[in-house]
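Residue-level listing of the chains:
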Amino acid sequence: MPSDLFPRFSRRGFLATSAAFGGALAAPSVMAQSAPPPSALQNSTQMEEDVRETTRRNASSFRTMEWRDHFDSLRKGAILADTISRCVHFWSEDGRTYRLYPSSVPMTDELTRRGRTEVVQKVLGPDWRPTADMLARYPDWPRYVGPGPDNPLGTHALYLGWPAYRVHGTHDTRKIGRRSSSGCIGLYNEHIAQLYSFAQVGTQVLLI
């Protein structure tokens, strides 16, 4: 039995998601990887905007999972991002630590990449640059955003083996629990900071 079965949620994170605990959805089977659109290959995170008008439903369907249902081993730990229930699960390599976090997920299936990859880089205080496609749609956006409260990647980022895909934080807590990203998986900053401390380069990642 893992020593700490449930995550230590902040009051804000708990209030934002507690209403959804009664409506857990079963996790789907793993889908074949699909190629993202060209713009997503360059950058799958956009500037933060008010998603409450475009994506009204804010819910994460929490239920604990067994790592053996998704991974052959816990070598270097394992991260499972469930885009249906909008949750991220983490198991440590020794199996003693398990965490469950509410997350944001991609806005559409076309922007969603499913399958297996791994953490290839950890960045504390990530910076961000919009793609040419983003600037064409939003010419007023800055060309570069350094670390800080305006950065759409939040305080920490785990870069995945797929170009431009990340598990990262967000300063805009309205996004969590919603289909609100352009491909990445977003967490509350306090949760990505914790996951950042647990994960290592080489940690297994599965998106379902």
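Computed from a prediction, not measured in an experiment: that's the story for all the values here.

Trainee: Account for the side chain of Q204, naming residues and giving values.
Mentor: Position of Q204 relative to the elements: it lies in strand β10 (residues 204-207). The exposure class assigned to Q204 is buried, which follows from its relative accessible area of 16%. A polar contact of 3.1 Å, which involves the side chain of Q204, links it to the backbone oxygen of S73. With sequence-adjacent residues up to four places away left out, Q204 is seen in contact with F71, S73, L74, R75, G77, A78, I79 and T117.

Trainee: Give a description of unusual backbone geometry that names residues and reports values.
Mentor: Although it is not a glycine, K76 adopts a positive phi angle of roughly 65 degrees. With respect to the element layout, K76 can be found in the loop between α2 (38-42) and β1 (78-82). Given a relative accessible area of 32%, K76 falls into the partly exposed group.

Trainee: Would you mind going over the pattern of salt bridges in detail, with residue names and values included?
Mentor: Overall, the coordinates contain 4 salt bridges when judged by the stated rule. Residues D109 and R114 are paired through a salt bridge, measuring 3.6 Å at the closest nitrogen-oxygen approach. Look at R114 and you get buried, because its relative accessible area is 10%. Salt-bridge contacts for D127 lead to R129; the nearest nitrogen and oxygen are separated by 3.8 Å. A relative accessible area of 30% means that D127 is categorised as partly exposed. Taking relative accessible area as the criterion, R129 reaches 49% and is therefore assigned partly exposed. Members of the salt-bridge network, linked through shared partners, are D109, R114 and R179.

Cut-offs and rules
- Residues numbered from 1 in each chain as written.
- Predicted model: local features only at pLDDT ≥ 70, side-chain atom pairs only at ≥ 80, totals over all residues.
- Heavy atoms only, no water.
- Helix = DSSP H or I, 4+ residues; strand = E, 2+ residues; numbered from the N terminus.
- Buried < 20%, exposed > 50% of the residue type's maximum accessible area, 1.4 Å probe, protein only.
- Polar contact = N/O pair within 3.5 Å; in protein donor to acceptor, adjacent residues only side chain to side chain.
- Contact = heavy atoms within 4.5 Å.
- Salt bridge = Lys/Arg side-chain N within 4 Å of Asp/Glu carboxyl O.

So far we have only geometry, and geometry alone does not tell us how the molecule works.
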